[in-house]
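# Examination of the molecular architecture
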Amino acid sequence: MPSRQTLQAFLATARKALATPAAQRTAPLTFVVGNESADLDSLSSAVVYAYIRTNSPPHTLHIPLSNLPRFDLGLRTEMAAVLSAAGLGPADLLTLSELPDLDPDDTRWMLVDHNCLTGSLKKFSGRVVGCIDHHADEGVIAQSVRPRVVEPCGSCMSLVVDETRHAWDNALSKEVEDGDAAAEDEKLAKIGLASILSDTINLTAKEKVRDKDPKAVAFLRAKIRDPSFDRTRYFDDISAVKEDISGLNFRDIFRKDYKEWDEAGLKLGISCSVQGFDYLVGKAGGAVPLLDDLAGWTRERGLDVASLMTTSHPDDQFQRHLLVWGLTDEGKAAVERFGKIRDKLELETWGGGALDDGAVRGAWRQHNLGASRKQVAPLLREALKKS
Ligand SMILES: *[C@@H]1O[C@H](CO)[C@@H](O)[C@H](O)[C@H]1NC(C)=O
Ligand SMILES: *[C@@H]1O[C@H](CO)[C@@H](O)[C@H](O)[C@H]1NC(C)=O
Ligand SMILES: [Mn+2]
């Protein structure tokens, strides 16, 4: 029976393959890449799928690529925590920073957690050979590629597990070179479990969870033989890391989960934070230093309107906070227009007006808890339009 590498040795092999000069390569490089949002689901789906496929016939090396620059990997603290539970670290992953300038013809791409290549990877769009994703199908990828699994599910990882279930069992029945097979399987299962539990809030997010989520969780859980492993504690640990931004500076907090739009010639940027205004003001040492840091970020991005949205759960009560700031003359006018269309967000001045200036900057507790950035961004973009 052929053997397989440990997860760490596999990642080292992938790195070596990427560094091999084109003239010495005998076959195209096959990549597995996730969404440019580079969240836990994307990063870990790429690693898990690549490992299973590489260890299944026809044993083509699949290189898992993290869809972000190496510098930004440091912001993905939850991924670092999950890797560490598997005895790995961020240094084991490959990022866009290690991707050489490749001729698209020398490559093949398997997409996970998205179904349309973006950014610097767009030039490889003609070389997509497969896709597993839980976002809406943009219809860009040929119907003929295999696998082509694009369907709603709590986590893309659940679809990866479902699709590779048999390959998984066959691949993992092989002995491991320089390692213990059962231990390696546990590592892989833990990486898989993390994103499913995280994306589905421990399988409780009813509107997101589909049949394949609990099925994948049961499948992965059964591979973990460590009697001390406690699924709930694992979920709690990942959640705690996700919300721990104490080690980040404010620029990193503002760019960790950041999106930008150009609308009517104006630039809007919205940062999301997993800690509320109370925490952020406390961390900054006051409202003024917090606003100074935010102003620095808005200057760096050249924004007309900046927004900061937060989620938090003081005393187990879920809260949303929202700050909107008009920075240029046109941005200030947009914030004024926002004042007329923001009713549905059910806003109440936050902290007695500690972060408000009463005109071009408002900060509120948002009582409409259903409105995430997906709902708030269109309102702000509407306000940017001069009418
Ligand atoms: C990437 O993920 C985000 C958030 O999960 C989603 O909104 C977006 O559509 C995805 N991108 C693609 C190209 O599928
Ligand atoms: C997570 O789900 C498990 C199984 O349903 C349950 O026993 C546990 O209490 C849940 N934990 C949390 C923190 O929600
Ligand atoms: Mn996802």
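For the structure itself, look to the data block above.
Residues numbered from 1 in each chain as written. Chains lettered and ligands numbered in written order. Predicted model: local features only at pLDDT ≥ 70, side-chain atom pairs only at ≥ 80, totals over all residues. Heavy atoms only, no water.

### Regarding the packing of aromatic side chains
Counted under the stated rule, the structure contains 9 aromatic pairs. Each ring, one from F277 and one from W350, has its centre 5.5 Å from the other, and the planes form 85°; the classification is edge-to-face. One end of the pair, F277, is in helix 10 (residues 277-284); the other, W350, is in the loop between strand 11 (347-349) and strand 12 (361-366), and 73 residues separate them in sequence. The same class applies to F277 and to W350, which are both buried. These aromatic residues form a ring-pair network of at least three members: F31, W109 and F124. Taking the ring centre of F250 as reference, the NZ or CZ of K283 above it sits at 5.9 Å. Over the aromatic face of W325 sits the side chain of R361, whose NZ or CZ is 4.8 Å from the ring centroid. (Phe/Tyr/Trp six-rings, centres within 6.5 Å; stacked < 30°, edge-to-face > 60°. Helix = DSSP H or I, 4+ residues; strand = E, 2+ residues; numbered from the N terminus. Buried < 20%, exposed > 50% of the residue type's maximum accessible area, 1.4 Å probe, protein only. Lys NZ or Arg CZ within 6 Å of the ring centre and 35° of its normal.)

### Remarks on the site of ligand 2
Around ligand 2, the surrounding shell consists of N202, R231, T232, F235 and D236. Contact between ligand 2 and N202: an oxygen atom at 2.5 Å from a side-chain N or O atom of the residue. At 3.2 Å from an oxygen atom of ligand 2 is found a side-chain nitrogen or oxygen belonging to R231. Considered on its own, ligand 2 offers 360 Å² of accessible surface; in the complex 42% of this is hidden by protein. (Near = heavy atom within 4 Å. Polar contact = N/O pair within 3.5 Å; in protein donor to acceptor, adjacent residues only side chain to side chain. Areas by Shrake-Rupley, 256 points an atom, 1.4 Å probe, with all protein chains shown as cover.)

### Observations concerning the layout of surface pockets
Taken as a whole, the second largest pocket holds about 150 Å³ of empty space. Lining the second largest pocket, in full, are A17, T20, Q24, R25, T26, A27, P28, L29, T30, T60, L61 and I63. Here the lining of the second largest pocket is composed, by residue class, of 6 nonpolar, 5 polar and 1 charged. (1 Å grid on protein atoms, 1.4 Å probe; cavity = no way out; pocket = protein on both sides within 12 Å on 5 of 7 lines; lining within 4 Å. Points joined across faces, edges and corners; volume = space filled by probe spheres on them. Nonpolar A, V, L, I, M, F, W, Y, C, P; charged D, E, K, R; others polar.)

### Focus on the coordination of the manganese ion (ligand 3)
Coordination of the manganese ion (ligand 3) by the protein is provided by D41 (OD), D113 (OD) and H134 (NE2), with metal-donor distances spanning 2.2 Å. Mapping the donors of the manganese ion (ligand 3) onto the primary sequence yields the spacing D-x71-D-x20-H. Within this pair, whereas D113 is found in the loop between strand 4 (107-112) and strand 5 (128-133), its partner H134 is found in the loop between strand 5 and strand 6 (148-150), the two being separated by 21 residues in sequence. Across the pair, H134 and D113 agree in class, each one buried. (Donors = N, O, S within 2.8 Å, 3.2 Å for Na, K, Ca; no water.)

### Overview of helix 13 (residues 373-384)
Over its 12 residues, helix 13 extends 16 Å from the first C-alpha to the last, a length consistent with the 16 Å expected when each residue adds 1.5 Å. Where helix 13 is concerned, the buried positions are R373, V376, A377, L379, L380, A383 and L384. Down the axis of helix 13, the buried side of the element spans an arc of 165°, and every buried residue falls inside it. Where helix 13 is buried, its residues touch strand 7 (258-263), strand 8 (266-273), strand 9 (305-312), strand 10 (319-326), helix 12 (329-341) and strand 12. (Expected span 1.5 Å × (residues − 1). Arc of directions from axis to C-beta. Contact = heavy atoms within 4.5 Å.)

### Comments concerning the site of ligand 1
Every residue lining ligand 1 is accounted for by N35, S37, H114, N115, C116, H135 and E138. H135 has a polar side-chain atom sitting 2.9 Å from an oxygen atom of ligand 1. The fraction of the free accessible surface of ligand 1 (360 Å²) that becomes covered by protein chains is 66%. In the shell around ligand 1, the residues fall into 1 nonpolar, 5 polar and 1 charged.

### Concerning the side chain of S195
In this structure, S195 sits in helix 6 (residues 181-199). Overall, the relative accessible area of 0% leaves S195 in the buried class. Sequence-distant contacts of S195, that is, excluding residues within four places in its chain, are made with L40, D41, S44, S155 and M157.

### Thoughts on the packing of helix 4 (residues 77-85) against helix 8 (residues 231-243)
Following both chains from N to C, one finds helix 4 and helix 8 inclined at 145°, their axes separated by 8 Å at the closest point. Where helix 4 crosses over helix 8, the two elements pack in a sense that is right-handed. For the pair helix 4 and helix 8, the contacting residues are T77, E78, A81, V82 and A85 in the first and Y234, I238, V241 and K242 in the second. In the contact of helix 4 with helix 8, the residues fall into 6 nonpolar, 1 polar and 2 charged. (Axes fitted to C-alpha atoms, helices over the stretch in contact; angles between N-to-C directions. Left-handed = near helix turned anticlockwise from the far one by under 90°.)

### Observations concerning the environment of L379
Inspection of the secondary structure assignment puts L379 in helix 13. Each C-alpha atom of the pair L379 and K344 lies 9.9 Å from the other, and the pair is 35 residues apart in sequence.

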